Amino acid sequence: MDALNLLRQSPVMPVIVVNDAAVAVDLARALVAGGIRTLEITLRTKAALAAMRRIRDEVPDALVGAGTVRTRAHLEAALDAGAQFGLSPGLTPELAAAARASGVPFIPGVATASEAMRAQDEGFDILKLFPAEAVGGIKLLKALAGPLPELRFCPTGGIDASNAGNYLALPNVLAVGGSWLTPEAALAAQDWDKITALALEASQLAKR
Ligand SMILES: O=C(O)C(=O)C[C@H](O)[C@H](O)COP(=O)(O)O
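Residues numbered from 1 in each chain as written. Predicted model: local features only at pLDDT ≥ 70, side-chain atom pairs only at ≥ 80, totals over all residues. Heavy atoms only, no water.

The protein has the name 2-dehydro-3-deoxy-phosphogluconate aldolase in an unreviewed UniProt entry, where Vogesella facilis is given as its organism. Recorded in UniProt for the protein, the comment headed Pathway (unreviewed entry) runs: "Carbohydrate acid metabolism; 2-dehydro-3-deoxy-D-gluconate degradation; D-glyceraldehyde 3-phosphate and pyruvate from 2-dehydro-3-deoxy-D-gluconate: step 2/2." (UniProt positions renumbered as here; feature names shortened; annotations may be inferred.)

With that settled, the discussion passes to the side chain of lysine 128. Tracing the backbone shows lysine 128 in strand β7 (residues 126-129). Given a relative accessible area of 5%, lysine 128 falls into the buried group. Once residues within four sequence positions are removed from consideration, lysine 128 is found in contact with Glu40, Leu87, Ser88, Ile107, Pro108, Gly109, Val110, Cys154 and Thr156. (Helix = DSSP H or I, 4+ residues; strand = E, 2+ residues; numbered from the N terminus. Buried < 20%, exposed > 50% of the residue type's maximum accessible area, 1.4 Å probe, protein only. Contact = heavy atoms within 4.5 Å.)

Below, the discussion takes up the site of the ligand. Near the ligand, the surroundings consist of 13 residues, among which Thr68, Lys128, Thr156, Gly158 and Ser179 are the closest. The separation between an oxygen atom of the ligand and a polar main-chain atom of glycine 158 is 2.7 Å. Serine 179 has a polar side-chain atom sitting 2.6 Å from an oxygen atom of the ligand. Against a free-state accessible area of 410 Å², the protein chains account for coverage of 81% of the ligand. Here the shell around the ligand is composed, by residue class, of three nonpolar, seven polar and three charged. (Near = heavy atom within 4 Å. Polar contact = N/O pair within 3.5 Å; in protein donor to acceptor, adjacent residues only side chain to side chain. Areas by Shrake-Rupley, 256 points an atom, 1.4 Å probe, with all protein chains shown as cover. Nonpolar A, V, L, I, M, F, W, Y, C, P; charged D, E, K, R; others polar.)

The way to describe two aromatic rings as a pair is by their centre distance and the angle between their planes. For the structure on display, the rule yields one aromatic pair. Ring geometry for phenylalanine 106 against phenylalanine 124: centres 6.0 Å apart, planes inclined by 65°, an arrangement best described as edge-to-face. Highlighted residues: phenylalanine 106 in strand β5 (residues 106-107) and phenylalanine 124 in the loop between α6 (113-121) and β7, separated in sequence by 18 residues. For phenylalanine 106, a relative accessible area of 4% corresponds to the buried category. The aromatic ring of phenylalanine 130 is capped on one face by lysine 128, whose charged end is 5.4 Å from the ring centroid. (Phe/Tyr/Trp six-rings, centres within 6.5 Å; stacked < 30°, edge-to-face > 60°. Lys NZ or Arg CZ within 6 Å of the ring centre and 35° of its normal.)

Attention shifts here to the sheet that holds strand β8 (residues 152-153). With respect to topology, three strands assemble into an open sheet ordered β6-β7-β8, the strand pairing being parallel. Both edges of this open sheet fall to β6 (109-110) and β8, since each of them pairs with a single strand only. In this structure, β6 lies alongside β7, joined through two bridges in parallel fashion. Residue pairing in the sheet places glycine 109 in a bridge with lysine 128 of β7. (Pairing = 2+ DSSP bridges.)

The omega torsion of the bond from phenylalanine 130 to proline 131 falls at -10°, within 30 degrees of zero and hence cis. Here proline 131 is to be found in the loop between β7 and α7 (132-135). Here the phi dihedral of threonine 68 falls at roughly 60°; this positive angle occurs in a residue that is not glycine. Along the chain, threonine 68 turns up in the loop between β3 (63-67) and α4 (72-80). Non-glycine residue glutamine 190 carries a positive phi angle of around 50°. Locating glutamine 190 in the fold gives a position in the loop between α10 (184-188) and α11 (192-203).

What follows is the structure, encoded as structure tokens:
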């Protein structure tokens, strides 16, 4: 699978912060039950790698991704833990080389035209716009479509059920990312029905 097909699996990529690997399997099952298969587990917590391993082993319908991949070492650790793809808030030459060598889909983050052009030079044409709302959101994506028509985006940062549909209506947007499918309170309460309901709502957001 490449980044294009990956982002076509689900209109929304949940950005998941796991504090306790023990709940990762139930959480992943709740999202998959709501039709969301592509899961971005951020590397921001100690539990992240163990969570990826468990989901990979126990939830075969999920596609497990690593988020917040900032270095070659992060990417290698995530792949060892079973990650099937990676995303980053940005891109460095070292990370670009590691991602190309890994052979897994990798979606680097960009926030400007120059960053998008550098990412394209490094071989990436499917990019995360991050932090989407803060750097111009829909207006920026519309403006980039003119000079950079080959690029496709997964905007992330400040997106939720209220504005996701507007992003998905843009021709250069393949999917959106966001943390709104996994609210901290629902995770703490292990309210899997709530998370399945949010996932169902998100999976019905049609692309175009
Ligand atoms: O951890 C990463 O790699 C990131 O890129 C950050 C996340 O994508 C955003 O924190 C999600 O943003 P919200 O949906 O506004 O909460």
